[in-house]
Amino acid sequence: MTMSSSNSKIIAIDGPAASGKGTLARALADALDFAYMDTGALYRAVGFEVLFAGGNPESESDALHGCNILSQKLNSDDTILSNPDLRNDKIGNAASKVAAIQSVRDALLDIQRNFAKNPAIGKAGAILDGRDIGTVVCPRASLKLYITANMEIRAKRRMKELQSKGFGVTYKAVLEDMRVRDARDKGRKAAPLMPSGDAIVIDTSDLSQGQMLEKALEYAKKAFS
Ligand code: CDP
């Protein structure tokens, strides 16, 4: 089995939607000079391909077809994962539907583990964020953080994020979308969202981005000392 070795510098960050994990992961990667992978972007990109082809994100064959297209595209251009169109809530929903299919998760596993094992040249380690990094993708990561916050605060954060990107959304719709997506991510059979037993849980409801980073850096210092 391909698996990260316990002494490689890997930080696994998991948590529900808009908990602050992506912001934290980026800031930590900058501070530590680690490579960063937003694994949600992989699932979003598969969801995007399925919708673009007029398929159904809950159909295994449509979703696997989306994975194939994504793999081909990633061979020539990994900037597709930063496509701003991936961020809208329609794609987020499609992502959580394809993500509930075990064969889709299997198809995306090697991409994530390869990144963790071989971060970009010159980088000191790798940070991956998602839903199952500490539990499935990198179970031997040196540091596992589970980032959470109460649902109302998360919905407000997501609403601001979407509005700043020009997507017209209401608080009510974002909150409802988040409820449905959290329930699907936590309730699915395939790699459900949950903290790994050895993860440090950080509730960011009352933390600023600076405070969140400070806490995480303290844990990283301990983990890598
Ligand atoms: O940005 P946000 O936290 O809302 O979502 P995301 O991290 O971009 O992930 C989109 C969807 O992909 C999630 O709702 C999950 O269903 C799925 N996902 C997953 O199953 N496993 C991961 N490692 C990352 C994302």
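Residues numbered from 1 in each chain as written. Predicted model: local features only at pLDDT ≥ 70, side-chain atom pairs only at ≥ 80, totals over all residues. Heavy atoms only, no water.

On a plain count of helices and strands, the chain comes out with nine helices and five strands. Ordered by position from the N terminus, the helices and strands of the chain form the series β-α-β-α-α-α-α-β-α-β-α-α-β-α. The C-alpha radius of gyration computed for the chain amounts to 17 Å, which stays within 12% of the reference 17 Å derived for 225 residues, consistent with globular compactness. Here the chain holds 225 residues, and 46% of them are scored as buried. (Helix = DSSP H or I, 4+ residues; strand = E, 2+ residues; numbered from the N terminus. Rg over C-alpha atoms; globule rule 2.2 N^0.38 Å. Buried < 20%, exposed > 50% of the residue type's maximum accessible area, 1.4 Å probe, protein only.)

What follows deals with the side chain of R154. By secondary structure assignment, the location of R154 is in helix α7 (residues 151-164). Only 2.6 Å separates the side chain of R154 from the side chain of D182, close enough to count as a polar contact. What R154 contacts, discounting residues up to four positions off in sequence, is P16, A17, A18, S19, A149, M178 and D182. (Polar contact = N/O pair within 3.5 Å; in protein donor to acceptor, adjacent residues only side chain to side chain. Contact = heavy atoms within 4.5 Å.)

Attention now goes to the confidence of the model for the chain. Taken as a whole, the chain shows an average pLDDT of 93; of its residues, 97% reach a score of 70 or greater. With pLDDT under 50 throughout, residues 1-7 is counted as low confidence; its partners more than four residues away or in other chains account for 14 contacts. (pLDDT = per-residue confidence, 0-100.)

In this section: unusual backbone geometry. Even without a glycine there, the phi angle at A18 is positive, about 55°. You will see that D33, though not glycine, has its phi angle at about 60°, which is positive. Within the secondary structure layout, D33 lies in the loop between α1 (21-32) and β2 (35-38).

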